[in-house]
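Residues per chain, in single letters:
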Amino acid sequence: MTINPLHLFDRDGIEAHLRAGGAALLPTDTLPALASMPEHAAQIWRLKKRPQDKPLILMGADVDALLCHVSPAARADAIALAQLHWPGALTLVLPAFGPCAETLNPGCATLGLRIPACKPMLDLLRCSGPLATTSANFSGEPASRTETEAADAFPDLPLLAPIPWPAPSCQASSVIAWRGPQDWHCLRRGAVMPVGVVSLPECSG
């Protein structure tokens, strides 16, 4: 399938579409993303046919804009890893509070956060602010690896122009959860793993 040129929006067009409540397909450094403004994230579960208990990730371009949702007790540890691995393929799951955490991870007091190492996405995030994101595929199906595969899965959604997007790693981000001071638990081994986190246990991919 070729991408409909009418579905290619520049950064301003995508930002306007997102602010109006829409969802969009965006590049990242790992895999193409399905994204919306956090307050409109409910549509992502519906579009993906994703179980409601599977949380979304909040992506941003600025550490402070992400960590403002996080419990103060976890911020120092989060900042230490962010300085080493952001932008990059490491998702930090942290104790969180407020409407954004409740919207992206209903019923749980945690929030997954990441700054991607992808210039077009970062340029958009600096304008739009943090976005609710997940991989651009139907739940239970293989992740899209290119903008064309993402468009095949969601043909009615706009894509960020220009294409082709920067080549992603096609490997999911590593996901680690904060359990206490300097205590992290690996939830998913992926593209990047922190160095020197002594208490990080082994985990399966």
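Scroll up a little and you will see the structure.
How each quantity is defined
Residues numbered from 1 in each chain as written. Predicted model: local features only at pLDDT ≥ 70, side-chain atom pairs only at ≥ 80, totals over all residues. Heavy atoms only, no water. Buried < 20%, exposed > 50% of the residue type's maximum accessible area, 1.4 Å probe, protein only. Helix = DSSP H or I, 4+ residues; strand = E, 2+ residues; numbered from the N terminus. Arc of directions from axis to C-beta. Contact = heavy atoms within 4.5 Å. Polar contact = N/O pair within 3.5 Å; in protein donor to acceptor, adjacent residues only side chain to side chain. Axes fitted to C-alpha atoms, helices over the stretch in contact; angles between N-to-C directions. Parallel < 35°, antiparallel > 145°, perpendicular 65-115°, else oblique. Left-handed = near helix turned anticlockwise from the far one by under 90°. Nonpolar A, V, L, I, M, F, W, Y, C, P; charged D, E, K, R; others polar. Pairing = 2+ DSSP bridges. Disulfide = S-S within 2.5 Å.

Draft legend 1. Just helix 1 (residues 11-19), in detail. Of the residues making up helix 1, those classed as buried are I14, E15 and L18. Around the axis of helix 1, the buried residues are gathered within 100° of arc, so they sit on the same side. Elements that come into contact with the buried residues of helix 1 comprise strand 1 (8-9), strand 2 (24-26), strand 3 (33-36), helix 6 (119-128), strand 7 (131-135) and strand 8 (159-160). Following helix 1 by one or two positions, G21 has its phi on the positive side, about 105°.

Draft legend 2. View of the environment of I14. Along the chain, I14 falls in helix 1. Once the C-alpha coordinates of I14 and L26 are considered, the two residues, twelve residues apart in sequence, prove to be 9.3 Å apart. When neighbours within four sequence positions are excluded, I14 is seen to be in contact with F9, A24, L26, L124, P158, L159 and L160.

Draft legend 3. Region of interest: the side chain of R114. Mapped onto the elements, R114 comes out in strand 6 (residues 110-114). Taking relative accessible area as the criterion, R114 reaches 1% and is therefore assigned buried. A distance of 2.9 Å separates a polar atom in the side chain of R114 from a polar atom in the side chain of D29. Within the structure, the side chain of R114 is placed 3.1 Å from the side chain of T30, a separation counted as a polar contact.

Draft legend 4. Quick peek at the environment of A136. Position of A136 relative to the elements: it lies in the loop between strand 7 and helix 7 (147-153). The spacing of A136 and A42 is 94 residues in sequence and 15 Å in space, taken between C-alpha atoms. Not counting residues within four places of it along the chain, the set of residues in contact with A136 comprises L25, P32, A33, L34, S144, A150, A153 and F154.

Draft legend 5. Highlighting the packing of helix 1 against helix 6. For the pair helix 1 and helix 6, interaxial distance at closest approach is 10 Å and the crossing angle is 50°. On the basis of their axis angle, the class for helix 1 and helix 6 is oblique. Crossing handedness for the pair helix 1 and helix 6: right-handed. When helix 1 is examined against helix 6, the residues R11, I14, E15, L18 and R19 are found in contact with a partner set consisting of D123, L124, C127 and S128. Split by residue class, the contact of helix 1 with helix 6 holds four nonpolar, one polar and four charged.

Draft legend 6. View of the pairing of strand 6. Burial within strand 6 is extensive, with four of its five residues counted as buried. In this sheet, strand 6 lies alongside strand 4 (residues 57-59) in parallel orientation, the contact comprising three bridges. Bridging across to strand 6, L58 finds its partner in L113.

Draft legend 7. How the structure looks around the state of the cysteines. Using the criterion set out here, one finds zero disulfides in the structure. Here C100 is not cross-linked by a disulfide; its sulfur's nearest cysteine counterpart is in C68, at 8.0 Å. Residue class for C100 comes out buried when judged on its relative accessible area of 10%. Unpaired in terms of disulfides, C108 finds its nearest cysteine sulfur in C100, a separation of 14 Å. The exposure class assigned to C108 is partly exposed, which follows from its relative accessible area of 39%.

Draft legend 8. View of unusual backbone geometry. Put simply, W86 and P87 share a cis peptide bond, and its omega is -5°. Mapped onto the secondary structure, P87 falls in the loop between helix 4 (72-85) and strand 5 (90-95). That bond from I163 to P164 is cis: its omega, 0°, falls within 30 degrees of zero. You can see P164 is positioned in the loop between strand 8 and strand 9 (174-180). Phi is positive for K49, close to 55°, though the residue is something other than glycine. Along the polypeptide, K49 turns up in the loop between helix 2 (42-48) and strand 4. Residue class for K49 comes out exposed when judged on its relative accessible area of 66%.

Remember, this is a structural readout, not a statement about activity or role.
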